[in-house]
Amino acid sequence: MESNQSRRSFLAFLGGGAAASAAPEAFGWQSMPGASAPIARTGDKYILPRKVLLWECTRKEIREAIESGRLKAAIVPTGSTEQHNEHLAMIHDTASALLVAQNAALRLYPDVIVATPVPVGISPYWMERKGTLTLRPETFLAVVYDICESLRTHGLKTILILNGHGGNASPLKSQLPGWRAKLGVQLDACSYWEAYTEENAARYMESGMGGIPGHSAEFETSVALAAFPERVHREGVDYSKVKLNLKSADDANQDKKYYEESLLATPEKGEALIHIAVDWTAGKIRQMMSQS
Ligand SMILES: [Zn+2]
């Protein structure tokens, strides 16, 4: 994945097409893909990336897609707004879940829509680091449930919650039996890094499976370098001078280890890892749709 050719084809995969340099902005959270987004090539189709984003569609578009039977499923991305060490933006987990969700939905167009991402998660353990926002588990879970119920009300029969933040993972999975019973739809929740196996982790990551998802380390930094490099800020960072004043020495050691591992990150690793996650997510929701 190191040639210029592969970089160009990756940007095209992300939706850049001929205007490849516009791709990172087009898939960012800050500038949500809208009418100005370039046309995405997905398989043999060319479509506007906004067409798979519920919040960028009109009610007419959504109504007609549902009533015609074309639109069958939704992905609900969940993330966080939390410290990501010295060099990554707080929105990383939300942006990465959205990136994977949108690209999977583009593959399956017009069957799948991406709901508005939940941008704050369960992150109490990072509150010693400035900037982190956290929700109580019951608040977070209530928001996710209500989004799923809204989608079900509109007639969507398959819902995949695609998570990008470690602290949300177990609470979401623990709710699945109850939520399935209440909603009566094909419902699942997974984190996008469940796509990775020991084999592909060892192939692309120097820190191996133990580095996935990590936290702002080799894995997440590689994803950011590939998909939204404008959210990686190495300028002015000197980790040796950082004073976090963390209460736990283990926490401090882990923070330093993650920073050091982030130096192993490359955009090429991120490209390969994103491709795997998008393939896996598209396969998962395709399988869910076949069962509903
Ligand atoms: Zn993260």
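Use the structure listed above.
Residues numbered from 1 in each chain as written. Predicted model: local features only at pLDDT ≥ 70, side-chain atom pairs only at ≥ 80, totals over all residues.

(A) Representation of the overall build of the protein chain. Of regular secondary structure, the protein chain possesses ten helices and six strands. With 292 residues in all, the protein chain has 47% of them scored as buried. Once local pairs closer than 6 in sequence are excluded, the contacts in the protein chain between residues at least 24 apart make up 70%. (Helix = DSSP H or I, 4+ residues; strand = E, 2+ residues; numbered from the N terminus. Buried ≥ 20, exposed ≤ 12 C-beta atoms within 10 Å, placed from the backbone. Contact = placed C-beta atoms within 7 Å.)

(B) The nonpolar core, seen in detail. In this structure, Ala-74, Ile-75, Val-76, Val-100, Ala-105 and Ile-159 are the most contacted members of the largest nonpolar core, which totals 71 residues. For this core, the leading source of residues is helix α4 (residues 92-107), giving nine residues. Those residues within four positions of Val-100 in sequence are excluded, and the remaining contacts are Leu-162, Tyr-192, Ile-274, Ala-277, Val-278 and Thr-281. (Core = buried A, V, L, I, M, F, W, Y, C linked by C-beta atoms within 7 Å.)

(C) Structural detail: the environment of Val-112. Within the secondary structure, Val-112 sits in strand β4 (residues 112-114). Since 26 C-beta atoms lie within 10 Å of it, Val-112 is described here as buried. Linking Val-112 and Val-52, residues 60 residues apart in sequence, is a C-alpha distance of 6.8 Å. When sequence neighbours within four positions are dropped, the list of residues in contact with Val-112 reads Val-52, Ala-73, Ala-74, Ile-75, Ala-105 and Ile-285.

(D) Quick look at the pairing of strand β3 (residues 73-78). Burial within β3 is extensive, with six of its six residues counted as buried. Alternating residues of β3 divide into Ala-73, Ile-75 and Pro-77 and Ala-74, Val-76 and Thr-78, and every residue in both groups is buried. Relative to β4, β3 is paired through three bridges, and the arrangement is parallel. Across the sheet, the residue bridging to Ile-75 is Val-114, located in β4. Taken together, β3, α4 and β4 form a β-α-β motif whose crossover is right-handed. Sheet topology note: the β3/strand β5 (residues 158-163) ladder contains six bridges and is parallel. Across the sheet, Val-76 pairs through a bridge with Ile-161, a residue of β5. (Pairing = 2+ DSSP bridges. Right-handed = clockwise from strand over helix to strand, strands pointing away.)

(E) A look at the environment of Met-90. Relative to the elements of secondary structure, Met-90 occurs in the loop between β3 and α4. The exposure class of Met-90 is buried, given the 20 C-beta atoms found within 10 Å. As a C-alpha pair, Met-90 and Leu-133 span 43 residues in sequence and 9.2 Å in three-dimensional space.

(F) Structural detail: the sheet that holds strand β6 (residues 186-191). Spatially, β4-β3-β5-β6 is the arrangement adopted by the four strands of the open sheet, whose pairing is parallel. This sheet does not close on itself; its edge strands, each paired only once, are β4 and β6. Looking at each pair of strands side by side, their axes are set apart by 20° on average, direction ignored. Where helix α6 (residues 166-183) meets the sheet, its contacts fall on β3, β5 and β6, and the angle it forms with β6 comes to roughly 180°. (Axes fitted to C-alpha atoms, helices over the stretch in contact; angles between N-to-C directions.)

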